[in-house]
Amino acid sequence: MSDLLWDEVRTFFDADLMGQLPDVQIRGTSVDDWQKLLDLVQSSGWVWEYLLGQEPAPLPSATEVFTRPADGEYQELHVYPAAGVLMIFRPLSADQIDFDMDVRELQGQEGVDLLCEFLTVLGHRLDKSVLMCAEGDYENPVLGFEVAADRVVLLAAPRP
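The sections below set out a description of the structure shown in this document. (Residues numbered from 1 in each chain as written. Predicted model: local features only at pLDDT ≥ 70, side-chain atom pairs only at ≥ 80, totals over all residues. Heavy atoms only, no water.)

### Things to note about helix α3 (residues 31-43)
As a reminder of what qualifies: In this text, helices come from DSSP runs of H or I with a minimum length of four residues, and strands from runs of E with a minimum of two, each type numbered from the N-terminal end. A helix is expected to reach a length of 1.5 Å times the quantity of its residues less one. Three exposure classes are used, based on accessible area relative to the maximum for each residue type with a 1.4 Å probe and protein chains only: buried under 20%, partly exposed in between, and exposed over 50%. Note that the arc is computed from the directions linking the helix axis to the C-beta atoms. Any pair of residues with heavy atoms lying within 4.5 Å of one another is described as a contacting pair.
Between the first and last C-alpha of α3 there are 18 Å, a value that for 13 residues agrees with the 18 Å anticipated at 1.5 Å per step. Three or more residues of α3 are buried, namely Asp 33, Trp 34, Leu 37, Leu 38, Leu 40 and Val 41. Burial along α3 is one-sided: seen end-on, the buried residues are contained in an arc of 160°. Along α3, the residues that are exposed and aim more than 90 degrees away from the buried face are Asp 32 and Ser 43. Where the residues of α3 are buried, they touch β2 (47-52), α4 (62-66), β4 (75-82), β5 (85-89), β6 (96-101) and α5 (108-126).

Here it is, written out as C-alpha cells:
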C-alpha cells in the first residue's frame, strides 16, 4: 500500500501552486552523509550523470566535491530513479542535501509512489528526514519521509 494517495496530495504536485521545481531537503548533513548519497547513487541501479560545469565528469568523492575552490565550476548530480524522472542534486553545502524535481514528471498515483519510494530510500540510507517544500518555501515542508514514522507522511494540509 502506498504511503500517500494521489487524491489526497494532488495539489502538492500542481506546478501552478507548488512551482514547477519543488525543493527537497535533508537537513543536518555532513560530508559523510553526502558520501552515503553518492555511494547509494552508484549502487542503486539508477541512471545518473555528474556535471562539472556543463561537462559530464566521473563521480567524485564527497570530500572532493567540498574541497573544490569556491569559485570553481558549478556541480550538479542528475539522478533518474525511473525513466523520464529527473532529480537534480546541487552540492552547495555539506550541512544540507538539496535537490529539485519536476512535479510534471510525477503525476498520478504512479508518480506519488515513485517519489515516496525515492524519499524513503534516501531517508533510510541517511537515517534522516527528507522534506519536500514548495519552490523557494524552505520553512514550510508539505510532505516528507519521517524517520520516526518510517514512512512518507503529510506535513501540511493539501491546498484547496
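Past the structure itself, the notes keep going.
### Quick notes on the layout of surface pockets
Convention followed: Grid spacing is 1 Å over the protein atoms alone, the probe is 1.4 Å, and a cavity is where that probe fits but cannot get out, while a pocket is an open set with protein on both sides within 12 Å along at least five of seven lines and lining residues have an atom within 4 Å of a point. Grid points are joined across faces, edges and corners, and a volume is the space filled by probe spheres set on the points. Each residue is assigned to one class: nonpolar for Ala, Val, Leu, Ile, Met, Phe, Trp, Tyr, Cys and Pro, charged for Asp, Glu, Lys and Arg, and polar for all the others, Gly among them.
Computed from the structure, the largest pocket encloses a volume of approximately 200 Å³. In terms of lining residues, the largest pocket is bounded by Val 65, Phe 66, Arg 68, Pro 69, Ala 70, Gly 72, Glu 73, Tyr 74, Gln 75, Pro 91 and Leu 92. Classifying every residue of the lining of the largest pocket gives seven nonpolar, two polar and two charged.

The quantities given are spatial measurements derived from coordinates; they are silent on function.
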